[in-house]
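# Architecture and fold: a report
So the chains spell out like this:
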Amino acid sequence: MAIADRATPADPAEPAATPAGTPASTAGEPAAPAAPATPGPGAPVAVGLALAVLATLVWSGSFVTSRALGDSVPPVQHAFWRWVVALAVVAPFGARAAWRQRALIRGNLAFVVLASLLGVTVYNTLVNQAGVTTPAANMGMIMAASPVLMAVYERAGGVRLGARRVAGLLIACAGVLLLVGGDGASFSAGDLWMIAAACCFGSYSALLRRRPAGLDGSAFLFTTFLVGTVLLLPAQGVSLAVQGGFALTPGTVLPLLYVGVASSAVAFFAWNKAISLIGPTRAGVVYYLQPVCVALLSWVLLAEPIGWAQAGCMALILGGVVLGAGARR
């Protein structure tokens, strides 16, 4: 037999020929790999909800921390060192991004300063001031008023909220109101500080929808943390002069590390990203979980009591969150 008539092994770079009409998989060849699946429209919503839940859980711990440090660390110093720690955490990746986008930041300086003032300088200082006299559970309940303000801002901006989301918002809000008014809950002067803090946070969250397009998340965090800390410097100087410093003990340093790393760097990044994915109203519905989380944490860590009426109100809040957060756009 001639050499030309003998079968030769196929070149590994060339696919083996198959008879016409025969699928590759039935001709001994593996089927072509399927194209990578692209995330469906529900994927960003799921990620946004998960990030909102993460931020809410972490911030719940910060209310307990504010209450625990109320007698040992002056409120302004608590806020100042929180943001100093947060700056140190964010700087390794945020400072370089902010420098690259310095022209964009400079062109939107008014937005950056307002976001820093509301979300960094004022908000947490008010929370710490409230923690001096207000139980942690009350702080979490009052902060649940901020989603209502988020929804008002978004509706004023022309966004249709939808019946299901509004219903979930109202149910969760009713649970919070019953929780505040029932089972011996008392209203103190510190609660007024928390009401002001809730207004600041709701305004900050609504403002995030106007974040300049193209501004990197880490650059935004670093810039707002830096500007907010600088704005706190005068109040920090007054506090040191009038109240003196505080003792550096594990009971003060560890909570400050928690609020600086987790409650500031991690939670603010998660919340800002959640706002960009699902909007302030839907994220605000998730935020109603906070009084439930704060009440449970304060019960475990601070021995603040929880009654059956409070447990029922928490169930009402959870039902509203599930209804409103799962609503379609």
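As the structure is a prediction and not an experimental result, all values here were calculated from the model. (Residues numbered from 1 in each chain as written. Predicted model: local features only at pLDDT ≥ 70, side-chain atom pairs only at ≥ 80, totals over all residues. Heavy atoms only, no water.)

### Remarks on the overall build of the protein chain
If you tally the helices and strands in the protein chain, you get twelve helices and zero strands. Beginning at the N terminus, the succession of helices and strands in the protein chain can be written as α-α-α-α-α-α-α-α-α-α-α-α. When each of the 329 residues of the protein chain is scored for burial, the buried share is 46%. Summed over its atoms, the accessible surface of the protein chain is roughly 16000 Å², and 69% of this surface lies on carbon and sulfur atoms. (Helix = DSSP H or I, 4+ residues; strand = E, 2+ residues; numbered from the N terminus. Buried < 20%, exposed > 50% of the residue type's maximum accessible area, 1.4 Å probe, protein only. Areas by Shrake-Rupley, 256 points an atom, 1.4 Å probe, with all protein chains shown as cover.)

### Examining helix H9 (residues 217-243)
Along an α-helix, residues three or four apart share an orientation, since each turn contains 3.6 residues. An ideal rise of 1.5 Å per residue puts 39 Å on 27 residues; H9 measures up with 36 Å between its terminal C-alpha atoms. The sharpest bend along H9 reaches about 40 degrees and sits at Leu233, with the proline Pro234 one to four residues further on. Gly244 sits one or two positions beyond H9 and adopts a positive phi of about 80 degrees. (Expected span 1.5 Å × (residues − 1). Bend = angle between axes of the 7 residues up to and from the residue.)

### Describing the packing of aromatic side chains
The tally for this structure, following the rule as stated, stands at eleven aromatic pairs. The ring of Trp83 has Arg82 sitting right over it, with the charged end atom 5.0 Å from the ring centre. Positioned over the ring face of Phe220 is Arg211, at 5.4 Å from the centre of the ring. (Phe/Tyr/Trp six-rings, centres within 6.5 Å; stacked < 30°, edge-to-face > 60°. Lys NZ or Arg CZ within 6 Å of the ring centre and 35° of its normal.)

### Describing the packing of helix H4 (residues 109-130) against H9
Look at H4 against H9: their axes get within 8 Å of each other, and the N-to-C directions meet at 60 degrees. Between H4 and H9, the crossing angle belongs to the class labelled oblique. Our pair here, H4 against H9, has a crossing hand that is right-handed. Contact with H4, carried on its side by Phe111, Val112, Val113, Ala115, Ser116, Leu117, Val120, Thr121 and Thr125, involves Phe220, Thr223, Thr224, Phe225, Val227, Gly228, Thr229, Leu231 and Leu232 of H9 and no other residues of that element. (Axes fitted to C-alpha atoms, helices over the stretch in contact; angles between N-to-C directions. Parallel < 35°, antiparallel > 145°, perpendicular 65-115°, else oblique. Left-handed = near helix turned anticlockwise from the far one by under 90°. Contact = heavy atoms within 4.5 Å.)

### Thoughts on the environment of Ala98
Tracing the sequence through the fold places Ala98 in helix H2 (residues 75-100). Residue Ala98 is classed as buried on the basis of its relative accessible area, which comes to 10%. Counting along the chain gives 124 residues from Ala98 to Phe222, while the straight-line C-alpha distance between them is 7.1 Å. Dropping the residues within four chain positions of it, Ala98 is found in contact with Ile105, Ala219, Phe222 and Thr223.

### Comments concerning a nonpolar patch on the surface
Taken together, Leu109, Val113, Leu114, Leu117 and Leu231 make up a surface patch of nonpolar side chains, about 370 Å² in accessible area. The biggest single contributor to the nonpolar patch is H4, with four residues. By the element assignment, Val113 lies in helix H4. (Patch = residues over 30% accessible without salt bridge, like charges linked within 9 Å, V, L, I, M, F, W, Y side chains within 5 Å. Salt bridge = Lys/Arg side-chain N within 4 Å of Asp/Glu carboxyl O.)

### With respect to the nonpolar core
Formed by 61 residues in total, the largest nonpolar core has its most connected members in Phe63, Tyr123, Met143, Met194, Phe225 and Trp271. Counting only elements with at least two residues in this core, the list comes to helix H1 (42-68), H2, H4, helix H5 (136-143), helix H8 (189-207), H9, helix H10 (250-287) and helix H11 (289-301). Looking at which element gives the most residues to this core, the answer is H10, with twelve residues. Apart from residues lying up to four places away in sequence, Met194 is in contact with Phe63, Val127, Ala130, Met139, Ile142 and Met143. (Core = buried A, V, L, I, M, F, W, Y, C linked by side-chain atoms within 4.5 Å.)

### Quick look at the environment of Ile142
Locating Ile142 in the fold gives a position in helix H5. Judged by relative accessible area, which is 11%, Ile142 ranks as buried. The contact partners of Ile142, leaving out residues within four places of it in the chain, are Asp191, Met194, Ile195 and Ala198.

### Observations regarding the confidence of the model for the protein chain
Mean pLDDT over the protein chain works out to 75, with 70% of the residues at or above the 70 mark. Across the protein chain, the element-wise mean pLDDT spans from 65 in helix H12 (residues 308-325) up to 93 in helix H3 (residues 102-107). Low pLDDT (under 50) marks residues 1-40, which in the prediction has five contacts with non-local residues, meaning those over four places away or in another chain. (pLDDT = per-residue confidence, 0-100.)

### A few points about the packing of H2 against H10
Relative orientation of the contacting elements H2 and H10 amounts to 60 degrees, with a least axis distance of 8 Å. Overall, the two elements H2 and H10 adopt an arrangement that is oblique. Relative to H10, the crossing made by H2 is right-handed. Contacts from His78, Trp81, Arg82, Trp83, Val85, Ala86, Val89 and Val90 in H2 reach Leu256, Leu257, Val259, Gly260, Val261, Ser263, Ser264, Ala265 and Phe268 in H10. Across the contact of H2 with H10, the residue classes tally to twelve nonpolar, four polar and one charged. (Nonpolar A, V, L, I, M, F, W, Y, C, P; charged D, E, K, R; others polar.)

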